[in-house]
Protein chains: 2
Amino acid sequence: MSLAFEIHARDGRARTGSLRTTRGDIRTPAFMPVGTAATVKAMRPESVRETGADILLGNTYHLMLRPGAERVARLGGLHRFMNWHGPILTDSGGFQVMSLASLRKLTEEGVRFASHIDGSRHMLSPESSMEIQRLLGSDIVMAFDECPALPADRGRIAESMRLSMRWAQRSRDAFGDRPGHALFGIQQGGLEQDLRLESAEALRGIGFDGYAIGGLAVGEGQEAMFGVLDHAPDMLPDDRPRYLMGVGKPDDIVGAVQRGVDMFDCVLPSRSGRTGQAWTRRGPVNLRNARHRDDSRPLDADCTCPACRGYSRAYLHHVIRADEIIGSMLLTWHNLHYYQELMAGMRAAIATGTLPEFAAAFHAQRAEGDIEPITGDSA
Amino acid sequence: MSLAFEIHARDGRARTGSLRTTRGDIRTPAFMPVGTAATVKAMRPESVRETGADILLGNTYHLMLRPGAERVARLGGLHRFMNWHGPILTDSGGFQVMSLASLRKLTEEGVRFASHIDGSRHMLSPESSMEIQRLLGSDIVMAFDECPALPADRGRIAESMRLSMRWAQRSRDAFGDRPGHALFGIQQGGLEQDLRLESAEALRGIGFDGYAIGGLAVGEGQEAMFGVLDHAPDMLPDDRPRYLMGVGKPDDIVGAVQRGVDMFDCVLPSRSGRTGQAWTRRGPVNLRNARHRDDSRPLDADCTCPACRGYSRAYLHHVIRADEIIGSMLLTWHNLHYYQELMAGMRAAIATGTLPEFAAAFHAQRAEGDIEPITGDSA
């Protein structure tokens, strides 16, 4: 195995540990901010680091189209290009090609598609995805997979999962042996427990440095997702990191950590920051709402991020309403800070065997709601 | 006089000194970044300070409309609201109401207008402008003036200037005595030397803490502007700061400093940063241009700003083309850094009596052009 993964403590099914890369350790459970097009939107990489992030996610689909993987390689790789010198995980492009590209044609070989940017024609396959992720210089490479949107019938899900497992083997073969770089396989199977098990067994047979749980957070709802997570993580090797792709809201993440997941990524904290939504200990707060217009209090008096230390809710409301860039900058920072603080809290709780108490306090604080009742409508 | 102004050295007509405010000293010649709507766009105030700025400009017209001057006052004033604790100069609203508002009606009393944001009806007069700037908590308040667009006939310019001088007296009367706060008068008169002199004499008769040169940089061109500046600063009191409003490009500023101007403001470095234009020692560089696509060199190898220290031209090109917020953040920072470095260079040159050499080197370096010839078109 290319990257050492040490589990320091367990609490129920939850684990805390370190995934060691040549570019630094990743403390788990870990949240990975998404740097789609070689930037975590509205953040300088130094600021992303200040929030407590150990690792970023880059999107193969976006980067292969613009600026192009060969260009990034010529310019010294993605780390140097985007000035982030910690580890980077790249997705395989499989999910985004299905959600963003047009004129898609799926075959056993891979997916042909047209760029959503300029209509240019491209092909993604297990082999080309491995090559693109190698050119980008990714530390953790994801196997190329296909992910059907839910709901889908069982036949479609089984067929798709088996294709993804054949692609997983081809990804493994194409990846080869790259010391210091890891390859993760991705479990599929929708909400079907037997298909999830079949997928996990196929991946274990191939052998990966880590295992992702794919195909969730695509509209099935938290209850259905937790239903899968009640079993799926335990189907994967205990001694390797488990990564739940594209998840999620803070309460999704807490529930998934309790079920044995080690790694997460999601655009939610950055995307919602740009629209004026803050995530806090007391739940989501919509700063566009008129009730904040004259509120001299910080978003969260106990938060140490720059948005909460330097500004009132009234200011954040003003700059979000006025479409000022600093609104996106401050709220993205706050949200990423909150997410990282949540992960740090869970790591500490697992280490001291108090994760149930941590989770109970997390839910109780959210149930109290924001610091005053919402009296106006968001507009 | 409310604010002490000390001239430390002179070189020809140029001067370097300090304008002392209760919120810190302003080193002159000074460039004031523009924080229109309580933010220097795409910059955190800490970052603006890091570029070397001593003072910001706030726009009375924008702030009175959104979030409103009374609201800013209730929230503790503009400094606290926007988290900038150095001095702030506010314009009078006179220029922007004429360029942005609709349904304007100009009378002896003032200007009635409709907001460009929501069509709401408002009035600006010398008295209301003084009150709004007081509510904002401005350190340096500008007299309310009217500024005709050029070209305009001599009769219109004379009439407008005389109205502005009556308004200057009313501004002075309404401002009253506010220790720690300064009021600047604004010279008008277009390109007409005798009207400029008449205006200067009117302002000197009223008595202000500083004197602005208004009505320039409105389309007359650099030669015509320098023609006015060959005489206008000398019409104003030698022992008070002289502020050229809304100027300008780096070479405009160098020429104006050589002609005795102490203070400047302009949206150019921040606005052009958001569109991909960088200002450098070697002149303007358009980072949208395809020639930067594969260029691994920094924008300016000798610049110490974060954009030049951390990123290649290829990266800046990529994020500008992809409309990523970090493109605006990095290029605005670079441009403000370059402007402040230019001001610091002129202050040092004046102090050592070498401003002519400094200016000659400035022009020679720009004449060399960018680090390689432009081979593509901007697109």
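Bear in mind that the values here come from a model prediction, so they are computed numbers and not experimental data.

**Some thoughts on the overall build of chain A**
Line of reasoning, step 1. Each helix and strand counted, chain A has 16 helices and 16 strands in total.
Line of reasoning, step 2. A compact globule built from 379 residues would reach a C-alpha radius of gyration of about 21 Å, and chain A, at 20 Å, matches this within 12%.
Line of reasoning, step 3. Across the 379 residues that make up chain A, the buried fraction comes to 55%.

**Some remarks on the interface of chain A and chain B**
Line of reasoning, step 1. At the interface, 31 residues of chain A touch 31 residues of chain B.
Line of reasoning, step 2. Within the residue set of the side of chain A that touches chain B, elements represented by two or more residues are α3 (69-74), α4 (78-82), α13 (306-310), α14 (313-321) and α15 (325-351) of chain A.
Line of reasoning, step 3. When grouped by side-chain class, the residues that make up the side of chain A that touches chain B number 16 nonpolar, eight polar and seven charged.

**Concerning the domain arrangement of chain A**
Residue and element names in this part refer to chain A.
Line of reasoning, step 1. Each assigned domain of chain A is listed here: domain 1 (5-266) and domain 2 (272-367).
Line of reasoning, step 2. Between the C-alpha centres of domain 1 and domain 2 the distance comes to 27 Å.
Line of reasoning, step 3. Taken together, the 25 residues of domain 1 in the interface contact 22 residues of domain 2.
Line of reasoning, step 4. Among the elements of the structure, β1 (5-11), β2 (14-21), β4 (30-32), α1 (45-50) and α11 (250-258) are those that each provide at least two residues to the side of domain 1 that touches domain 2.
Line of reasoning, step 5. Top contributing element to the side of domain 1 that touches domain 2 by residue count: α11, with five residues.

**Focus: the confidence of the model for chain A**
All names here are of chain A.
Line of reasoning, step 1. Looking at chain A, the pLDDT average stands at 95 and 98% of residues meet or exceed 70.
Line of reasoning, step 2. Counting contacts from residues 373-379, a segment whose pLDDT is below 50, to residues more than four positions away or on other chains yields 11 contacts.
Line of reasoning, step 3. Reported confidences for the modelled complex are a pTM of 0.96 and an ipTM of 0.96.

**A closer look at the relation of the copies chain A and chain B**
Mapping between the two copies of the chain is achieved by a rotation about an axis and a shift along the axis.
Line of reasoning, step 1. You can overlay chain A on chain B at an RMSD of 0.0 Å; the transform is a turn of 180° with a shift of 0.0 Å along its axis. With respect to symmetry, the two chain copies, as superposed, fit the operation of a two-fold axis. Residues of chain A ranked by C-alpha distance from the rotation axis are headed by A:I325, positioned 3.8 Å from it.
Line of reasoning, step 2. Comparing interface residues between copies, 100% of those in chain A also lie at the interface in chain B; the contact surface is shared.

**Description of the nonpolar core**
Line of reasoning, step 1. Formed by 229 residues in total, the largest nonpolar core has its most connected members in A:F184, A:L316, B:F184 and B:L316.
Line of reasoning, step 2. Those residues within four positions of B:L316 in sequence are excluded, and the remaining contacts are B:L287, B:H292, B:L299, B:A307, B:Y311, B:G327, B:L330 and B:L331.

**Details of the sheet that holds strand β9 (residues 121-124) of chain A**
All names here are of chain A.
Line of reasoning, step 1. In space, the three strands of this open sheet follow the order β7-β8-β9, with antiparallel pairing throughout. Since the sheet does not close on itself, it has two edges, and those belong to β7 (102-106) and β9, each with one partner. Taking each pair of neighbouring strands and ignoring which way they run, the sheet shows an average axis angle of 15°.
Line of reasoning, step 2. Examined bridge by bridge, β7 and strand β8 (residues 111-114) share three bridges and lie antiparallel to one another. What sits directly across from K105, in β8, is R112.

**A short note on the pairing of β1(A)**
Residues and elements named next belong to chain A.
Line of reasoning, step 1. As judged from the six bridges shared by β1 and β2, these two strands associate in the antiparallel manner. Across the sheet, D11 pairs through a bridge with A14, a residue of β2.
Line of reasoning, step 2. Taking the residues between adjacent antiparallel strands as the criterion, β1 and β2 are bridged by two residues, where G12 takes a positive phi near 65°.

**Some points on the packing of helix α6 (residues 126-136) of chain A against helix α7 (residues 154-175) of chain A**
Residues and elements named next belong to chain A.
Line of reasoning, step 1. Across the interface, α6 lies against α7 with an axial gap of 8 Å and an inter-helix angle of 45°. Looking at the two axes, α6 sits oblique to α7. Viewed along their axes, α6 and α7 form a crossing whose handedness is right-handed. Residues P126, E127, S129 and M130 of α6 form the contact with α7, whose own contacting residues are W167, R170, S171, A174 and F175.
Line of reasoning, step 2. Among the residues making up the contact of α6 with α7, the classes are represented as five nonpolar, two polar and two charged.

**Notes on the sheet that holds β4(A)**
All names here are of chain A.
Line of reasoning, step 1. The strand order across the open sheet formed by eight strands is β4-β14-β13-β12-β11-β10-β6-β5, and the pairing between neighbours is parallel. The open sheet has two edge strands, β4 and β5 (56-58), and neither has a second partner. Taking the axes of each pair of neighbouring strands and ignoring which way they run, one obtains an average angle of 25° across the sheet.
Line of reasoning, step 2. Its contacts with the sheet place α7 against β10 (140-142) and β11 (182-187), and it is angled at close to 175° to β11.

**Examining the environment of A:T60**
Line of reasoning, step 1. Residue placement: A:T60 occurs in helix α2 (residues 60-65).
Line of reasoning, step 2. When the C-alpha positions of A:T60 and A:Q96 are compared, they lie 8.6 Å apart, and in sequence the two are 36 residues distant.

**Here's the deal with α11(A)**
It helps to recall that an α-helix has 3.6 residues per turn; residues three or four apart then point in one direction.
All names here are of chain A.
Line of reasoning, step 1. Counting buried positions along α11 gives eight out of nine residues, so the element sits mostly inside the fold.
Line of reasoning, step 2. Three or more residues of α11 are buried, namely P250, D252, I253, V254, G255, A256, V257 and Q258.
Line of reasoning, step 3. Directly beyond the C-terminal end of α11, a positive phi value near 100° is found at G260.

**Quick word on the environment of A:P356**
Line of reasoning, step 1. Inspection of the secondary structure assignment puts A:P356 in helix α16 (residues 355-368).
Line of reasoning, step 2. Each C-alpha atom, one on A:P356 and one on A:G185, is 30 Å from the other, the two residues being 171 residues apart in sequence.

**Digging into the packing of α7(A) against helix α8 (residues 193-206) of chain A**
For any two helices packed against each other, the geometry is given by the interaxial angle and the distance between the axes.
Residues and elements named next belong to chain A.
Line of reasoning, step 1. It is at 10 Å that the axes of α7 and α8 come closest, and there the two elements cross at 10°. With respect to each other, α7 and α8 are oriented roughly parallel. Side by side, α7 and α8 meet where I157, A158, M161, M165, A168, Q169 and R172 of the first sit next to L195, S199, A202, L203 and I206 of the second.
Line of reasoning, step 2. Partitioning the contact of α7 with α8 into residue classes produces nine nonpolar, two polar and one charged.

**A closer look at unusual backbone geometry**
All names here are of chain A.
Line of reasoning, step 1. Note that the residue after V247, namely G248, is joined by a cis bond; omega there is -5°.
Line of reasoning, step 2. Looking at where G248 falls in the secondary structure, it is placed in the loop between β13 (242-244) and α11.
Line of reasoning, step 3. At A42, a position not held by glycine, the phi torsion is positive, near 70°.
Line of reasoning, step 4. Tracing the backbone through its elements, the reader meets A42 in the loop between β4 and α1.

**Observations concerning the pairing of strand β16 (residues 283-286) of chain B**
Side-chain positions along a regular strand alternate between the two faces of the sheet.
Residue and element names in this part refer to chain B.
Line of reasoning, step 1. With four bridges connecting them, strand β15 (residues 277-280) and β16 associate as antiparallel partners. Note that in β16 the partner of A278 across the bridge is V285.
Line of reasoning, step 2. Taking the residues between adjacent antiparallel strands as the criterion, β15 and β16 are bridged by two residues.

Thresholds, definitions, all that
For every chain, the first residue of the written sequence is number 1, and numbering continues from 1 along that sequence. Chains and ligands are labelled sequentially in the order written, the chains with letters from A and the ligands with numbers from 1. With pLDDT at 70 or above as the cut-off, local features in this predicted model cover only qualifying residues; side-chain atom pairs require 80 or more to be listed or tallied, and sums for whole chains, interfaces and linings still use all residues. Only DSSP runs of H or I covering at least 4 residues are called helices, and only runs of E covering at least 2 are called strands; the numbering of each starts at the N terminus. With the radius of gyration taken over C-alpha atoms, the globule rule is written as 2.2 Å times the number of residues to the power 0.38. For every residue, the other C-beta atoms within 10 Å of its own C-beta are counted; 20 or more classify it as buried, 12 or fewer as exposed, and values in between as partly exposed. C-beta atoms are placed from the backbone. Each residue gets a C-beta atom placed from its backbone, and two residues are in contact if those atoms lie within 7 Å. Classification convention: Asp, Glu, Lys, Arg as charged; Ala, Val, Leu, Ile, Met, Phe, Trp, Tyr, Cys, Pro as nonpolar; all other residues, Gly among them, as polar. Source of the domain bounds: an automatic or database domain assignment. Residue-level confidence of the predictor, termed pLDDT, takes values from 0 up to 100. Here the copies are matched by least squares. The fit uses the C-alpha atoms of residues with pLDDT of at least 70 in both. Any set of buried Ala, Val, Leu, Ile, Met, Phe, Trp, Tyr and Cys residues joined through C-beta atoms within 7 Å is what this text calls a nonpolar core. At least two DSSP bridges between two strands are required for those strands to pair. Throughout, an axis means a line fitted to C-alpha atoms (over the contacting stretch in the case of helices), and angles, computed between N-to-C directions, take values from 0 to 180 degrees. Roughly parallel means an angle under 35 degrees; roughly antiparallel means over 145; roughly perpendicular covers 65 to 115; every other angle is labelled oblique. A clockwise turn of the near helix away from the far one marks a right-handed crossing, whereas an anticlockwise turn of less than a right angle marks a left-handed crossing.

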